Amino acid sequence: MRNFNENIITDAVLERIKGASDLRIKQVSEALVRHLHAFVREIRPTQNEWEFGIEFLTRTGHMCDDKRQEFILLSDTLGVSMLVDAINHPTSEGATETTVLGPFFVQAAPEKQNGDDISGIMEGDPLLVTGSVSTVDGRPLPGAVVDVWHSDDDGYYDVQQLDKIGDLAMRARFRADDNGRFHFWSIKPAPYPIPHDGPVGDMLEAQGRHPWRPAHVHFMISAPGFEQLVTHVFVAGDKYLDSDVVFGVKDSLIRTFEQCPPGKAQDGRVTDKGYFHLNYHFGLRQVPYGARRV
Ligand code: BEZ
Ligand code: FE
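What counts, and where the lines are drawn
Think of each chain on its own: its residues are numbered from 1, step by step along the sequence as written. Written order decides the labels, with chains lettered from A and ligands numbered from 1. The predicted origin of the model limits local features to residues at a pLDDT of at least 70 and limits the giving and counting of side-chain atom pairs to 80 or more, whereas totals for whole chains, interfaces and linings rest on all residues. As a rule here, side-chain values come from all non-hydrogen atoms in the structure, and water together with hydrogens is ignored. Water is absent from the atoms considered, so a metal site may look incomplete; donors are defined as N, O and S atoms within 2.8 Å of the metal, or 3.2 Å for Na, K and Ca. In these descriptions, tetrahedral denotes four donors with every angle between 85 and 135 degrees, square planar four donors and octahedral six donors with opposite donors over 155 degrees apart and the rest between 65 and 115, and irregular any other case. Burial here depends on accessible area, computed with a 1.4 Å probe over protein chains only, as a share of the maximum for the residue type. Under 20% is buried, over 50% is exposed, and the range in between is partly exposed. Helix and strand definitions follow DSSP, with helices as H or I runs of at least four residues and strands as E runs of at least two, each counted in order from the N terminus. In what follows, residue pairs with any heavy atoms lying within 4.5 Å of each other are defined as contacts. Domain delimitation follows an automatic or database domain assignment. Throughout, buried area stands for the accessible area (probe radius 1.4 Å) lost by two parts on being put together, summed over both. Here a residue is near a molecule or strand as soon as one of its heavy atoms is found within 4 Å of it. Pairing of N or O atoms within 3.5 Å defines a polar contact, subject to two protein rules: one partner must be a possible hydrogen donor and the other a possible acceptor, and residues neighboring in sequence count only if both atoms are side-chain atoms. Exposure was quantified through the Shrake-Rupley algorithm and a 1.4 Å probe, taking into account, for residues, occlusion by the shown protein chains and nothing else.

1. Structural notes on the coordination of the iron ion (ligand 2)
For a metal bound by four donors in a tetrahedral arrangement, the ideal donor-metal-donor angle is 109.5 degrees, while six donors in an octahedral arrangement ideally sit at 90 or 180 degrees.
So, point 1. Here the iron ion (ligand 2) is held by the protein donor atoms Tyr157 (OH), Tyr192 (OH), His216 (NE2) and His218 (NE2), which lie 2.0 to 2.1 Å from it.
So, point 2. Note that the iron ion (ligand 2) binds six donor atoms; their angles at the metal cover 54 to 164 degrees, and the shape is irregular.
So, point 3. In primary sequence terms, the donor set of the iron ion (ligand 2) follows Y-x34-Y-x23-H-x1-H.
So, point 4. For His216, a relative accessible area of 1% puts it in the buried group.

Take a look at the structure:
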């Protein structure tokens, strides 16, 4: 076939894909061509605009390395990450809702004991976090692995300032005790702008958007036979709750970080400073029977 024009080019490309032996690749390729061609037909780009788009994607790729993933940031800010999350984690009774992982998770976080203070050399308002992990019907999950990480009171993660602070802080891995409970001390996190010194930042500015996320604490919780939970708990009252740049906020994940006076805290520790207290219960879904590995 030759002489392709605006009217026949889409069918011609679809025809070329027809022979793909892997059915999933065929389905994805066909949808990609249909939607991409429809997008181009709708916006009718000039040649210069097409070049700008190619250059934008090229810059996005060049921005990526082992520490910075600009394509995921693009997916996050266009709402695609939360759409994929919603498709794969429908809400279900008793199960904690999920949200984006974000770029600041570290695989080998320091293992800590319940009650430890994970703030390292960071200063800020003391925060006591108490939590429990159970099945959707409330059976405690002793031994569940609880990864936590959050920003400091200027909105920076440890990994963004390692040359200044020298070591990981405000992140750790805990194990739920015999009652499925865990607790630790840290400092209260602040809202922060996502990295916006690259093409994604340029896009946000051009779209008239701010780059901020409301303050939150990240949790990743695993237990054998249960779906890994990736979520955050957001600070109630934060001014960015309704305009999170990555669309990650859900009502069920917002909690008041209760302001408490000095004295005997909920975990028995005596403090001479006022502190904040966050308490949250996490419910994990069982891996569906057919999906279990044997
Ligand atoms: C975060 O919460 O750490 C995050 C999530 C998505 C993009 C950037 C940061
Ligand atoms: Fe975060």
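That covers the picture; the talk isn't over yet.
2. Some thoughts on helix H7 (residues 199-206)
So, point 1. By the burial criterion, the buried members of H7 are Pro199, Val200, Gly201, Met203 and Leu204.
So, point 2. On the buried face of H7, the contacting elements are helix H3 (47-62) and helix H4 (70-77).
So, point 3. A positive phi of about 70 degrees marks Gly208, the residue just after H7.

3. Concerning the environment of Ile187
So, point 1. Of note, Ile187 is situated in strand E4 (residues 181-187).
So, point 2. Its relative accessible area of 3% is what places Ile187 among the buried residues.
So, point 3. Here the alpha-carbon distance between Ile187 and Asp11, two residues 176 residues apart in the chain, equals 58 Å.
So, point 4. When sequence neighbours within four positions are dropped, the list of residues in contact with Ile187 reads Ser119, Met122, Glu123, Gly124, Asp125, Pro126, Leu127, His150, Asp152, Asp153 and Met170.

4. Observations concerning the domain arrangement of the chain
So, point 1. Here the chain is described as being made up of domain 1 (9-63) and domain 2 (75-291).
So, point 2. Put simply, the middle of domain 1 and the middle of domain 2, counted by C-alpha atoms, are 37 Å apart.
So, point 3. Across the boundary between the two partners, domain 1 contributes four residues, which contact five residues of domain 2.
So, point 4. The contact between domain 1 and domain 2 buries some 380 Å² in all, and 72% of this surface belongs to carbon and sulfur atoms.

5. Concerning the site of ligand 1
So, point 1. Residues in contact with ligand 1, as listed here, are Leu73, Asp76, Gly102, Pro103, Phe104, Tyr157, Tyr192, Ile194, Arg213, His216, His218 and Val246.
So, point 2. His216 places a polar side-chain atom, nitrogen or oxygen, 3.1 Å from an oxygen atom of ligand 1.
So, point 3. Within the contact set of ligand 1, an oxygen atom lies 3.0 Å away from a side-chain nitrogen or oxygen of His218.
So, point 4. Burial of ligand 1 by the protein chains amounts to 100% of its free accessible area of 270 Å².

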